[in-house]
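Now for the letters of each chain:
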Amino acid sequence: MKKTANALIGIALAIFMLSTFGLLYQIAHQEQRIANIYKSGVLIKSIDLNQVKEVTYYGIGTNGEIHQLKEEELLIPKEESEYNIVCVMPGAISMHCSTCANRLCLHTGIITSSAYPITCLPNKVVIQIVGTNIKDEIDAIAQ
Amino acid sequence: MPIRKQTILALFATISLTIFIAESTLAPIIPFPGVKLGLANVVTLMILSLDGNILDVLLVFIVRIILAAISTGSTISLAYSLAGGFLAILVMCLIHKMLGRNYLILTAVFGAISHNLAQILVAWGLMSTPAVLSYLPVLMISAVVTGLFTGFVADFVSPYLKKTGMFDALAPYQIPKKDEEK
């Protein structure tokens, strides 16, 4: 009886070890995720979110120009009628500031997968992540 | 079935149902579907440690599932725990018969492992995507951890339950030995 008990303890420990290694392997081999930023339907920037190491901000102007902002420049210039500030984090992206009236894009929050894009309809900005396997994220499909 | 045994099993079924519902209202610490502290397993372990047989355990389990489906109203998630609980009970009774009362924690760990394994297999069969297998490492780790916790709880409580003598009716009837010493 003691021998089977020890064998079972060994099996449980083996399962635990294997699953820890499996989990670490999964964390290390993340899937590719690229964030595409569209202004008025035109792709203006494509960011590989896995390569992002620190939090960066991008400002999107009315004419579709996009440039990186430094921390002290996180203000909306007065001359721009449609201005969005995008916050890019390692593995995630969100809308930080916007000149639109309803601020729905800000309330969308942070997205990490291709399941749901961030859209600012008044300013015609769409942020969409591609590359993640959407089947992993969908919980259920109603037919 | 003798009335005393019936009453004890009904008591266990009620306790199991209460624990199950209370546990389902707790907010999950780990945001993974299916990771839960299977505290209702403690009742199964109690019945096993008080010398119940597999039919008693299955009876309590089925009653608890039906009552939980009626009271919480969500039958789909209960279908998963039905499959999981069934395999868990089979495995636990087998291991308990092999190892005895002393290795209750090990029984609990293997019950939790087989429960989560059966849940993943049912999910795989229903969704037909091998993506659910990526949940396997997380679920196995949580199974071992929660199994240890449940096992410790059961191991701690069980001698006190046995000492009260209330649950002796669960054990199969033994012919009393004649006392030779006088």
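Higher on the page you've got the structure.
Every value quoted in this text rests on a predicted model; they were computed, and no experiment measured them. (Residues numbered from 1 in each chain as written. Chains lettered and ligands numbered in written order. Predicted model: local features only at pLDDT ≥ 70, side-chain atom pairs only at ≥ 80, totals over all residues. Heavy atoms only, no water.)

Attention shifts here to the packing of helix α2 (residues 41–49) of chain B against helix α3 (residues 54–72) of chain B. All names here are of chain B. Where α2 contacts α3, the axes come no closer than 9 Å and their chain directions differ by 155 degrees. With respect to α3, the element α2 is oriented roughly antiparallel. Where α2 crosses over α3, the handedness of that crossing is right-handed. Counting all contacts with α2, which are made through T44, I47 and L48, the residues of α3 involved are D56, V57 and V60. (Axes fitted to C-alpha atoms, helices over the stretch in contact; angles between N-to-C directions. Helix = DSSP H or I, 4+ residues; strand = E, 2+ residues; numbered from the N terminus. Parallel < 35°, antiparallel > 145°, perpendicular 65-115°, else oblique. Left-handed = near helix turned anticlockwise from the far one by under 90°. Contact = heavy atoms within 4.5 Å.)

Here we come to the interface of chain A and chain B. Counting residues at the interface gives 18 residues for chain A and 18 residues for chain B. Buried area between chain A and chain B, both sides added, is near 1500 Å², and the carbon and sulfur share of it is 79%. Summed over the shared surface of chain A and chain B, the result is zero salt bridges. Linking chain A with chain B are zero residue pairs in polar contact (both at pLDDT 80 or more), by the criterion used here. For the side of chain A that touches chain B, the secondary structure elements donating two or more residues are α1 (2–28) and α3 (134–137) of chain A. With 14 residues, the single largest contributor to the side of chain A that touches chain B is α1(A). Its residues assigned to classes, the side of chain A that touches chain B comprises nine nonpolar, five polar and four charged. (Buried area = accessible area lost by both parts, 1.4 Å probe. Salt bridge = Lys/Arg side-chain N within 4 Å of Asp/Glu carboxyl O. Polar contact = N/O pair within 3.5 Å; in protein donor to acceptor, adjacent residues only side chain to side chain. Nonpolar A, V, L, I, M, F, W, Y, C, P; charged D, E, K, R; others polar.)

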